[in-house]
Amino acid sequence: MKWRKKQRAAVADTGDLLRTVDRADRFSASDLVTEATSDIGSRPGRLVMTILGTVLGIGSLVATWGFAQTAAGQISSQFNQVASTQVSIEPETASFGENSGALGRIPWDAPERLERLAGVEGAALISEVSLAEGAAITSVPLNDPSAPSRSVPPVRAASAELLDVVGGEMQTGRMFDDGHDARGDRVAVLGSRVAEKLNIARVDSQPSIFIDGTAYAVIGIVGELQTHGDLRDAVILPTGTARHDLGLVAPGEAIVHIAVGAGPQIAEQAPLALASEDPESLKVRAPQAGSALGNAVQGDVNVIFLIVGAVSLLAGGLGIANVTLLSVTERTGEIGLRRALGATRRQIAAQFTVESIVIGVLGGLIGAALGVLAVVGVAAIQQWTAVVDPFVAIAGVVVGALVGWISGWYPARRASRIEPITALRAGG
Amino acid sequence: MTALVELRDVTRSFPGPPEVQALKGANLSIDAGEYVSIVGPSGSGKSTMLNILGLLDRPTVGEYRLGGTPTSDLTEDQRAAVRAQAIGFVFQSFHLMSRRTVFDNVMMPMTYSGVPRAERARRAEDALDRVGLGHRRTFFPGTLSGGEKQRVAIARAVVSDPQLLLADEPTGSLDQRTSGEVMELFEDLNADGLTLVIITHDQAVAERAARSVRISDGRLSEVP
């Protein structure tokens with residue numbers, strides 16, 4: 001620091017008057033901070049009034065930012081409710097020359113693992129099942145090699161929660177359950193179009209279909225689907241059944257129904273939950289927070305909040321400046337004393353600057369905390385997912401320090417210019 | 001041997017109008033280890049004298065040598081460093097910080113004077129023991145009597161081991177009995193080798209010093 005160099009120079013020029021002093025022992029940074037902070041808490045009432053403006057300013061800025069992020073997810077969901085609440089996870093694929101293969105693997109217990117994550121409302125597995133060459137799906141046990149080959153509807157293996165996750169409803173009958181899945185029961189649920197093709201309209205008598213000659217009892221027909229419309233053309237079997245009968249070796253895809261706005265977070269956590277040793281091996285498709293239209297609407301709201309925040313911050317800065325100035329006037333005697341005891345003008349200025357920076361940081365900390373709390377509180381009441389970037393809270397504290405620094409500049413300058421003689425006479 | 005304090009034709013005038021000459025061609029020489037009182041009525045230039053001796057003010061004309069070094073060449077930072085290490089102050093109104101304990105008040109000057117951190121607490125305790133207030137270290141100044149406050153201020157003035165102690169009306173706020181105690185403390189410090197300059201309007205206080213200098217209308221004269 002500059003003043004230390006100057007004081008060392010002083011030692012050289014003043015002969016025997018001064019002892020040689022180790023630099024570290026003379027008004028070091030820790031002395032500065034101790035001197036500057038030891039009186040801050042001595043008047044709690046005044047401290048509260050001083051930091052109030054900064055608390056409000058930083059609080060409203062942090063809250064604005066948080067509301068903007070939270071609402072961005074929220075608004076986009078109003079435009080695209082379903083898309084913004086669905087995440088899908090598949091193994092990453094790679095090509096090796098002419099071959100291509102999956103790099104990772106989704107575990108069979110993926111739904112249980114995913115449901116433990118905050119923001120996940122349901123998870124299911126769905127996999128494509130490939131049938132043997134020439135295998136047919138029919139509603140009667142025909143084995144007619146001379147029959148013209150007909151297109152075979154796709155077969156999907158799924159876990160029992162599938163319909164909840166994709167927003168589907170049964171047209172008739174019921175979905176299979178975890179019991180069917182665990183036992184590998186030969187039951188099937190049909191998509192509405194495949195049911196039509198197979199001439200199955202009612203399931204109360206449990207009609208059978210034959211996949212490659214094996215009978216499966218049809219227990220339900222899927223009707224409306226909000227996503228995964230391709231399931232209308234598919235035959236859906238329990239995963240356990242497909243593993244047992246049709247040689248399914250690994251799940252193809254995990255689909256997750258999430259809370260609005262949780263997309264980016266789930267996208268980060270899901271691969272870790274499913275393949276902690278190699279999260280890169282899984283590919284996640286998650287909705288991004290915000291949409292162009294949503295952002296445009298939100299933009300206007302933000303400007304208003306930001307102006308409010310900036311104005312409160314200005315008021316907060318003026319508050320700190322005012323109180324620091326008052327404190328300089330009140331402590332004229334102390335300043336004179338310190339100067340008499342050997343403080344330089346710079347050390348006095350530094351002390352008051354650090355004091356107001358600390359007040360600013362305190363205001364920033366409390367403001368940022370209140371801002372985050374406000375976002376979380378409103379989100380909880382509205383049943384939104386609160387989204388607050390930790391960077392915003394840190395930035396709040398930094399801005400608080402900056403406000404303190406700027407507001408302390410003038411009072412500190414005034415303090416450093418006080419003549420010790422005048423001060424010692426004034427401050428009895 | 002060079003004198004510790006040497007004033008040569010020092011004049012200090014304050015621009016007016018009307019211009020006031022608080023010191024007029026003052027000459028004074030004080031050796032290390034002396035106990036000198038500067039006595040005079042109010043308005044005679046006592047405070048100006050103290051400020052110049054304490055490097056809080058500069059002469060308009062003339063030279064002030066401290067420890068043989070001409071002080072007019074020193075920068076503000078150098079003067080601050082000399083104040084921190086070589087000069088101790090005691091004031092009439094004590095100037096203790098009311099929101100800090102007695103101990104912290106005594107610790108404070110050492111942050112500016114470069115006493116090694118490891119030594120500070122021990123030296124503050126020694127200084128308080130020396131003024132007989134070791135048992136009051138955790139008290140706040142507001143709870144002390146006037147005499148005790150002044151003794152804390154004296155502990156604070158000597159804690160950095162100065163060469164010169166300047167006291168401005170040190171008994172001005174004390175009753176007669178406590179004044180006596182404080183004066184005895186000064187005499188003890190002087191007996192240990194500390195150079196002492198007491199500025200006072202009180203003849204009784206002035207007479208206790210080994211040497212007395214009268215100041216009147218900005219001029220100095222030795223009291224025989």
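**Here we look at the overall build of chain A**
1) Next: For chain A, the count of helices and strands is 14 helices and 13 strands.
2) Next: Across the 428 residues of chain A, 47% fall into the buried class.
3) Next: Considering only intrachain contacts with a sequence separation of at least 6, the fraction spanning at least 24 residues in chain A is 82%.

**Digging into the pairing of strand β9 (residues 211–216) of chain B**
All names here are of chain B.
1) Next: As defined by bridge partners, strand β3 (residues 35–39) adjoins β9 across four bridges and the pair is classed as parallel. Residue pairing for β9: Ile38 is matched across the bridge by Val213.
2) Next: Where β9 meets strand β10 (residues 219–223), five bridges bridge the pair, whose relative direction is antiparallel. Bridge pairing in β10 places Ser216 opposite Arg219.
3) Next: Taking the residues that link successive antiparallel strands as the turn, the β9-β10 hairpin has two residues, and the phi of Asp217 there is positive, at about 50 degrees.

**Observations regarding unusual backbone geometry**
All names here are of chain B.
1) Next: Residues other than glycine seldom take positive phi values, yet Phe94 does so here, at roughly 65 degrees.
2) Next: Here Phe94 is to be found in the loop between β6 (87–90) and α3 (102–107).
3) Next: Residue classification places Phe94 among the buried positions, given that 23 C-beta atoms sit within 10 Å.
4) Next: Phi at Asp217 is positive, roughly 50 degrees, even though this residue is not glycine.
5) Next: Examined against the element boundaries, Asp217 turns out to sit in the loop between β9 and β10.

**Remarks on the environment of Leu373 of chain A**
Residue and element names in this part refer to chain A.
1) Next: Structurally, Leu373 is set in helix α12 (residues 345–382).
2) Next: Residue classification places Leu373 among the partly exposed residues on the basis of 16 C-beta atoms within 10 Å.
3) Next: For the pair formed by Leu373 and Ala63, sequence separation is 310 residues and the distance between their alpha carbons is 8.3 Å.

**Section: the packing of helix α2 (residues 29–37) of chain A against α12 of chain A**
The relative placement of two packed helices is expressed as an angle between their axes plus a distance between the axes.
Residues and elements named next belong to chain A.
1) Next: For the pair α2 and α12, the least separation of the axes is 8 Å and the interaxial angle reads 65 degrees. Crossing hand, α2 versus α12: right-handed. Side by side, α2 and α12 meet where Leu32, Val33, Glu35, Ala36 and Thr37 of the first sit next to Ala350, Gln351, Val354, Glu355 and Val358 of the second.
2) Next: Taken together, the residues of the contact of α2 with α12 break down into six nonpolar, two polar and two charged.

**Digging into the sheet that holds strand β8 (residues 195–200) of chain B**
Residue and element names in this part refer to chain B.
1) Next: Taken in spatial order, the six strands of this open sheet run β6-β7-β8-β3-β9-β10, and their pairing is mixed. Of all strands in the sheet, those bounded by a partner on one side alone are β6 and β10. In this sheet, neighbouring strand axes are inclined to one another by 20 degrees on average, regardless of whether the strands run parallel or antiparallel.
2) Next: In the sheet, β6 pairs with strand β7 (residues 164–168) via four bridges, with the strands oriented parallel.

**Thoughts on the pairing of β8 of chain B**
Residues and elements named next belong to chain B.
1) Next: Most of β8 is tucked away, with six of its six residues classed as buried.
2) Next: Here β8 shows a buried face lined by Thr195, Val197 and Ile199 and a second buried face lined by Leu196, Ile198 and Thr200.
3) Next: As paired strands, β3 and β8 are joined by five bridges and run parallel to one another. Directly across from Val39, in β8, lies its bridge partner Thr200.
4) Next: Of the pairings in the sheet, the one linking β7 to β8 comprises five bridges and is parallel in character. Counted as the bridge partner of Ala167 is Ile198 from β8.
5) Next: Crossover connection from β7 via helix α7 (residues 176–191) to parallel β8: handedness right-handed.

**What to know about the packing of α12 of chain A against helix α13 (residues 390–417) of chain A**
Residues and elements named next belong to chain A.
1) Next: Two elements in contact, α12 and α13, have axes separated by 6 Å at closest approach and are oriented at 150 degrees. Taken together, the axes of α12 and α13 lie roughly antiparallel to each other. Crossing angle aside, the handedness with which α12 passes α13 is right-handed.
2) Next: Looking at the contact of α12 with α13 residue by residue, the classes come out as 20 nonpolar, 13 polar and four charged.

**Some thoughts on the confidence of the model for chain A**
1) Next: Taken residue by residue, chain A gives an average pLDDT of 79. The fraction at 70 or more is 82%.
2) Next: Every residue in residues 1–13 of chain A scores below 50 in pLDDT, and together they form 19 contacts with partners more than four places removed in sequence or on other chains.

**Quick look at the confidence of the model for chain B**
1) Next: On average, residues of chain B carry a pLDDT of 89, and 100% of them reach 70 or more.
2) Next: For this predicted complex, the interface score ipTM comes out at 0.90, while the overall pTM is 0.63.

**Let's talk about the sheet that holds strand β4 (residues 61–66) of chain B**
Residues and elements named next belong to chain B.
1) Next: Within the open sheet, the four strands sit side by side as β2-β1-β4-β5. Their pairing is antiparallel. Across the chains shown, the open sheet's two edge strands, defined by having one partner strand only, are β2 (20–30) and β5 (69–70).
2) Next: Pairing between β4 and β5: two bridges, direction antiparallel. Residue Leu66 lies in a different strand from β5, and its bridge partner there is Thr69.
3) Next: Against the sheet, helix α1 (residues 46–53) makes contact with β1 (5–14), β2 and β4, and its axis sits at roughly 125 degrees relative to β1, the strand it touches most.

So, how was this worked out
Residues numbered from 1 in each chain as written. Chains lettered and ligands numbered in written order. Predicted model: local features only at pLDDT ≥ 70, side-chain atom pairs only at ≥ 80, totals over all residues. Helix = DSSP H or I, 4+ residues; strand = E, 2+ residues; numbered from the N terminus. Buried ≥ 20, exposed ≤ 12 C-beta atoms within 10 Å, placed from the backbone. Contact = placed C-beta atoms within 7 Å. Pairing = 2+ DSSP bridges. Axes fitted to C-alpha atoms, helices over the stretch in contact; angles between N-to-C directions. Left-handed = near helix turned anticlockwise from the far one by under 90°. Nonpolar A, V, L, I, M, F, W, Y, C, P; charged D, E, K, R; others polar. Right-handed = clockwise from strand over helix to strand, strands pointing away. Parallel < 35°, antiparallel > 145°, perpendicular 65-115°, else oblique. pLDDT = per-residue confidence, 0-100.

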